[in-house]
Amino acid sequence: MRNSPQDRLADVAAAAVEVAVESVAAGTYTGGVGRALSAVIAKVGARITLDAELRGFSSGWQEAVAALTAEPSAPAAAAPVFRMPARPGGAERT
């Protein structure tokens, strides 16, 4: 059994192709069978995508909360500020 989302989707697509081949061999393949198999692949793909997005959001949220609650080990240094040189002629153009 594979664990990555891409591998799971590949397994489902391979199974759908096997079912389509068996259906053709039995003489029962129709457009409806093809649409049904495509719908299965699309649904599994959508679920895998949703799971990946939720996992990404959850881990990102956990990182953000950890960053907010973490005690800094050293005081943060002030960021350097660079001033832009004055424009020749002084006034803004309109």
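Preceding this paragraph is the structure being described.
The numbers attached to residues start from 1 for each chain and follow its sequence in the written order. It should be noted that, the model being predicted, local features are given only for residues of pLDDT at least 70 and side-chain atom pairs only at 80 or more, the latter also being counted only at that level, while totals for whole chains, interfaces and linings use all residues. Derived side-chain values reflect all non-hydrogen atoms in the structure, with water molecules and hydrogen atoms excluded from consideration.

> I would appreciate a short explanation of a nonpolar patch on the surface in the present structure.
Every patch collects residues that have over 30% relative accessible area and no salt bridge, joining them within 9 Å if they carry like charges and within 5 Å if they are nonpolar side chains (Val, Leu, Ile, Met, Phe, Trp, Tyr). Throughout, the Shrake-Rupley method with a 1.4 Å probe supplies accessible areas, and for residues the shown protein chains are the sole cover considered. For this document, the term salt bridge refers to a Lys or Arg side-chain nitrogen within 4 Å of an Asp or Glu carboxyl oxygen. On the surface, a nonpolar cluster with roughly 350 Å² of combined accessible area is contributed by Phe57, Trp61 and Val65. A run of H or I in DSSP becomes a helix once it reaches four residues, and a run of E becomes a strand once it reaches two; helices and strands are each numbered from the N terminus. Note on placement: Val65 falls in helix 2 (residues 31-69).

> Can you help me understand helix 1 (residues 5-26) in this one?
In an α-helix, one turn spans 3.6 residues; hence positions three or four apart end up facing the same way. How far a helix is expected to stretch is found by multiplying one less than its residue total by 1.5 Å. The end-to-end C-alpha distance of helix 1 is 32 Å, a good match for the 32 Å that 22 residues give at a rise of 1.5 Å each. Only protein chains enter the accessibility calculation, which uses a 1.4 Å probe; a residue is then buried when its area is under 20% of its type maximum, exposed when over 50%, and partly exposed in between. Among all positions in helix 1, only Ala16, Ala20 and Ser23 are buried. Taken around the axis of helix 1, the buried residues stretch over an arc of 60°, which confines them to a single face. Opposite the packed face of helix 1, turned more than 90 degrees from it, sit the exposed residues Val17, Glu18, Val21, Glu22, Ala25 and Ala26. Note on contacts: a residue pair is in contact if any heavy atoms of the two residues lie within 4.5 Å. Where helix 1 is buried, its residues contact helix 2. Downstream of helix 1 by a residue or two, Gly27 has a phi angle that is positive, lying close to 80°. By arc we mean the arc of the directions from the helix axis to the C-beta atoms, nothing more.

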